[in-house]
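Okay, here's what each chain looks like letter by letter:
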Amino acid sequence: MSKSIPFQHVDRVPLNHVNIQDDFWSYYIDLVRSVVVPYQWDALNDRIEAAEPSGAIRNFKIAAGLEEGEFYGMVFQDSDVAKWLEAVSYLLESQPDPELERTADEVIEIIAKAQQEDGYLNTYYTLKEPGRRWSNLAECHELYCAGHMIEAGVAYYRATGKRVLLDVVSRFADHIDSVFGTEPGKLRGYDGHQEIKLALVKLYHATGNERYLRLAQYFVEQRGQKPNFYEIQLKERGGESHWTGINHAIDLEYTQSHAPVREQEKAIGHAVREVYMLTGMADVAAETKDESLLAACRRLWDNIVSRQMYITGAIGSMPQGEAFSFDYDLPNDTVYAETCASIGLIFFAHRMLRIAPQAEYADVLERALYNTVVAGMSRDGKHFFYVNPLEVDPKACRGANHKFDHIKPVRQEWFGCACCPPNVARLLASLGEYIYMVQGGTIYAHLYIGGEAKLNVGGSEVQVKQTSNYPWDGRIRFEINPQEPGEFALALRIPGWCRHARLSVNNDPYPVDGQVIQDGYVHISRNWQQGDFVELVLDMPVERMRSHPLVRGNAGKVALQRGPLVYCLEQADNGENLHEIVLPANAKLEAKFENGLLGDVVAITAQGLRQDAAKWPGGLYSSEAVPALQEAKVTFIPYYAWANRGEGEMSVWVRETI
């Protein structure tokens, strides 16, 4: 382990110290509280007739001896309840809600009764395969479900001070610690779907018990060691696989267990597993000051964002294995781009920010948040995308061409595999954690989201009030009110998409240049007084974005971006056959705020060109001159807002003429 330590301690900002008051985000957070969490509660209890059954709550009741019946659902069904509880916890930490807390307490009581005497907690193995615990780590998600329940236990304890669920998950973690390890008699296994490591670090923070940190470190170190534990268990099961036609114990790249984590050179395999793994690795690296582990995180980060990430912040380009494929392979119409994968990328980016506050991490966090994550949920809070394509033709999604079977032209009410809806809920409910960070004597503003925050800087409270009309406008104002006048720094991110920024402190211009910009943040160091204010103006023109030449699907095409938002064409504005549209290189792009459109958005219009199929000379192929393109007004809307006006075509990338 290197003696050089680049790590600094960073305290979590409690959610009850951040009050978001933002025209854009308050809508979604209120939606999570008033619609999404109640709707998902109904879904978990099988009360939505048109949606696929969940069975998740009933599984716990049966395991607790409160009802009769059999297990229903996926092997990881428990995790949906855990993520719902985690979202509830963040809402309660932000704002008391006695009725919601009572409901959560009732669920927790059922979970506690479902726990086995030795601490084990998993309804699938308790009800369906008793006696086969830990026999199929590659495929059956025991440690994944455990991780999500641990996260819920920690979050609920932080929110309410109640220990029931924290004690349940601590007993479960103790049981896991007694099962896994390198000591004689223990299993030298590790998680199939990564999740447990980041959860154990959270449990370590909540309890101060270093055994949980050591256990997380063990799971990091053991992954990919030879002989491979998944292959050993596969032989012990006589080649039996849980999933029909799939064997995760053989495809080691799918589970990132093909090599020890420090030796992995590129992101590969199941995209959600990859970024959850990297989040846990970053957590362990930060706690143990492990520079070689951090170097692996950085190497894999660079591969993802420079070669395998969509312009929307989506990752995972192929449906086979919901996985990464190869560098620059970013098809738009067959992409998988699971909502959970972008959420995991946000988790990873946030951990890297806490280790080293560099704007590149916050830029990716912002890109994924404002585009793929928000797109994953409809504006009514009751419909969701699992897959987030960048190009859709509804005709192709109706079963004729099976390579599009995973693509949905409209959001679904629920899923048999319902990981994404509660994941969106827990992220948005905890959004206050991502805005600010205090490191040493510096307040970092990572995201531009309006509201008020109380931050601890050097043992003294500083109130920060942020106001803006972001992401529609780049003018942002900060009011700084320290409890006592004092020296500290305010570091404001200059986003990678911004080419020019202006800054003033108490109306006096402040330079935005290399002397005050460090790693993409402009640092304002001064003796702050009550009532000081800072105004940051980020230029926000419409930009034509182009892909690396090796991205085949985007050759000769452009996408539009304004500020953090990626835009798209939608059939509702432009008619069908969007592939006929061409955007001239010299076309003027006009951005205009449209009241009432999709909850009030800035739309972009241009005078484009269009090929008219009706004027085609005839036949499937022709040697005759192609009719001239016709002028046509084209309209682009923010990508996150598509599919809120019924079924239709959509495309992010459009052909460009020179």
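Keep in mind that this is a model prediction, so the values were computed, not measured.

Chemist: Honestly, the overall build of the protein chain in this entry has me stumped. Any pointers?
Modeler: For the protein chain, the count of helices and strands is 16 helices and 24 strands. Over its C-alpha atoms the protein chain spans a radius of gyration of 25 Å, differing by no more than 12% from the 26 Å that the globule rule assigns to 658 residues. Counting only C-alpha atoms, the protein chain reaches 75 × 70 × 50 Å along its principal axes. Relative to its 658 residues, the protein chain shows a buried fraction of 60%. Contacts in the protein chain between residues far apart in sequence, at least 24 positions, make up 71% of those at least 6 positions apart. When the accessible surface of the protein chain is summed, it comes to about 25700 Å², and 47% of that surface belongs to carbon and sulfur atoms. Across the protein chain, the 64 positively charged side chains and the 88 negatively charged ones have centroids separated by 2 Å.

Chemist: It is not clear to me how the sheet that holds strand 9 (residues 475-482) should be interpreted in this structure. Could you clarify?
Modeler: Pairing between the strands of a sheet is mediated by backbone hydrogen bonds and can be parallel or antiparallel. As summarised here, the arrangement of the seven strands in space is 1-7-8-9-15-11-12, forming an open sheet in which the pairing is antiparallel. Strands at the two margins of the open sheet, each flanked by one partner only, are strand 1 (18-20) and strand 12 (508-509).

Chemist: Please explain the sheet that holds strand 13 (residues 517-518) as it appears in this structure.
Modeler: On the basis of which strands lie adjacent, the open sheet formed by five strands has the order 5-6-10-14-13 and mixed pairing. Across the chains shown, the open sheet's two edge strands, defined by having one partner strand only, are strand 5 (436-439) and strand 13. Pairing analysis gives four bridges linking strand 5 to strand 6 (residues 442-445), with the strands arranged antiparallel. Note on strand 6: the bridge partner recorded for Y436 is A445. Packed on one face of the sheet, helix 14 (residues 359-375) meets strand 10 (486-493) and strand 14 (521-528) and runs near 55° to strand 10.

Chemist: Just to check I follow, could you spell out the UniProt feature "domain: Non-reducing end beta-L-arabinofuranosidase-like GH127 middle" (unreviewed entry) in the protein chain for this structure?
Modeler: UniProt feature "domain: Non-reducing end beta-L-arabinofuranosidase-like GH127 middle" (unreviewed entry): in the numbering of this structure it lies at residues 442-540. The distance separating the terminal C-alpha atoms of residues 442-540 is 27 Å; by composition the span is 0% helix and 61% strand.

Chemist: Honestly, the domain arrangement of the protein chain in this entry has me stumped. Any pointers?
Modeler: Buried accessible area, meaning the area lost when the parts come together, often serves as the stated size of an interface. Split by domain assignment, the protein chain resolves into domain 1 (251-426), domain 2 (436-538) and domain 3 (543-656). Here the C-alpha centroids of domain 1 and domain 3 sit 26 Å apart. Listed as interface residues are 27 residues of domain 1 and, on the opposing side, 27 residues of domain 3. Regarding the contact of domain 1 and domain 3, the summed buried area is about 2400 Å², with carbon and sulfur atoms giving 57% of it. Broken down residue by residue, the surface that domain 1 buries against domain 3 is led by I311, Y328 and R379, which jointly contribute 26%. Applying the counting rule to domain 1 against domain 3 returns one salt bridge. For E647, the salt bridge is made with R398, and the minimal N-O distance between the two is 2.6 Å. Counting across the domain 1 and domain 3 interface gives ten residue pairs in polar contact (both at pLDDT 80 or more). Ranked by residues supplied to the side of domain 1 that touches domain 3, first place goes to helix 14 with six residues.

Chemist: Looking at this model, I keep getting lost on the nonpolar core. Mind explaining?
Modeler: The nonpolar side chains of a soluble globular protein tend to be buried, and buried together. Counting residues in each nonpolar core, the largest one holds 227 residues, and the members touching the most others are W25 and L492. Those residues in contact with L492 that lie beyond four places of it in its chain are A445, Y448, F478, L503, G520, Y521, V522, I524, V534 and L536.

Chemist: How should I be thinking about the pairing of strand 24 (residues 654-657) in this particular structure?
Modeler: Put simply, side chains in a regular strand alternate between the two faces of the sheet. Of the pairings in the sheet, the one linking strand 17 (residues 557-562) to strand 24 comprises two bridges and is antiparallel in character. Counted as the bridge partner of K557 is R655 from strand 24. In this structure, strand 19 (residues 581-584) lies alongside strand 24, joined through three bridges in parallel fashion. For V582, the partnering residue across the bridge sits in strand 24 and is R655.

Chemist: Before we go on, may I ask you to explain unusual backbone geometry in this structure?
Modeler: Where the residue is not glycine, phi is negative for most of them; where a peptide bond is considered, it is trans in most cases. Omega for the bond connecting K226 with P227 falls within 30 degrees of zero, at -5°, which places this linkage in the cis form. With respect to the element layout, P227 can be found in the loop between helix 9 (210-222) and helix 10 (229-236). With omega at 10°, the peptide bond leading from Y470 into P471 counts as cis. By secondary structure assignment, the location of P471 is in the loop between strand 8 (460-468) and strand 9. Positioned with a positive phi, H141 is a non-glycine residue whose angle comes to about 65°.

Chemist: What exactly am I supposed to notice about helix 13 (residues 339-355) here?
Modeler: Between the first and last C-alpha of helix 13 there are 25 Å, a value that for 17 residues agrees with the 24 Å anticipated at 1.5 Å per step. Judged by how many residues are buried, helix 13 sits mostly within the fold: 16 of 17 residues are covered.

Chemist: Can you walk me through the pairing of strand 15 (residues 532-538) in this structure?
Modeler: Of all the seven residues making up strand 15, six are buried; the element is thus mostly covered by neighbouring parts of the structure. Two elements, strand 9 and strand 15, share six bridges in a ladder whose sense is antiparallel. Bridging from a neighbouring strand, I476 pairs with L536 of strand 15. When strand 11 (residues 501-505) meets strand 15, the two strands line up antiparallel, connected through five bridges. Within strand 15, the residue paired with R502 across the bridge is V537.

Chemist: Help me understand the pattern of salt bridges, please; the structure alone is not making it clear to me.
Modeler: Oppositely charged side chains can form a pair if their charged atoms are brought close together. Applying the stated rule across the entire model yields 41 salt bridges. Taking the shortest distance from any N to any O, the salt bridge between D42 and R47 comes out at 3.2 Å. Notably, a salt bridge pairs D191 with R223, separated by 3.3 Å at the nearest N-O pair. Highlighted residues: D191 in the loop between helix 7 (164-179) and helix 8 (196-207) and R223 in the loop between helix 9 and helix 10, separated in sequence by 32 residues. When sorted by exposure, D191 lands in the same class as R223, which is buried. Where salt bridges share partners, they join E86, E151, K202 and R426 into one cluster.

Chemist: Could you clarify how one ought to interpret the packing of helix 8 against helix 11 (residues 271-288) in this entry?
Modeler: Helix-helix packing is described using two parameters, namely the angle between the two axes and the distance between the axes. Where helix 8 contacts helix 11, the axes come no closer than 7 Å and their chain directions differ by 35°. Only Y276, M277, T279, G280, D283, V284 and E287 of helix 11 make contact with helix 8, whose side of the interface consists of K197, L198, V201, Y204 and H205. Grouping the amino acids of the contact of helix 8 with helix 11 by side-chain chemistry returns six nonpolar, three polar and three charged.

Here is what the cut-offs are and how they apply
Residues numbered from 1 in each chain as written. Predicted model: local features only at pLDDT ≥ 70, side-chain atom pairs only at ≥ 80, totals over all residues. Heavy atoms only, no water. Helix = DSSP H or I, 4+ residues; strand = E, 2+ residues; numbered from the N terminus. Rg over C-alpha atoms; globule rule 2.2 N^0.38 Å. Buried < 20%, exposed > 50% of the residue type's maximum accessible area, 1.4 Å probe, protein only. Contact = heavy atoms within 4.5 Å. Areas by Shrake-Rupley, 256 points an atom, 1.4 Å probe, with all protein chains shown as cover. Lys, Arg positive; Asp, Glu negative; His and termini not counted. Charge placed at Lys NZ, Arg CZ, Asp CG, Glu CD. Pairing = 2+ DSSP bridges. Axes fitted to C-alpha atoms, helices over the stretch in contact; angles between N-to-C directions. UniProt positions renumbered as here; feature names shortened; annotations may be inferred. Domains from an automatic or database assignment. Buried area = accessible area lost by both parts, 1.4 Å probe. Salt bridge = Lys/Arg side-chain N within 4 Å of Asp/Glu carboxyl O. Polar contact = N/O pair within 3.5 Å; in protein donor to acceptor, adjacent residues only side chain to side chain. Core = buried A, V, L, I, M, F, W, Y, C linked by side-chain atoms within 4.5 Å. Expected span 1.5 Å × (residues − 1). Nonpolar A, V, L, I, M, F, W, Y, C, P; charged D, E, K, R; others polar.

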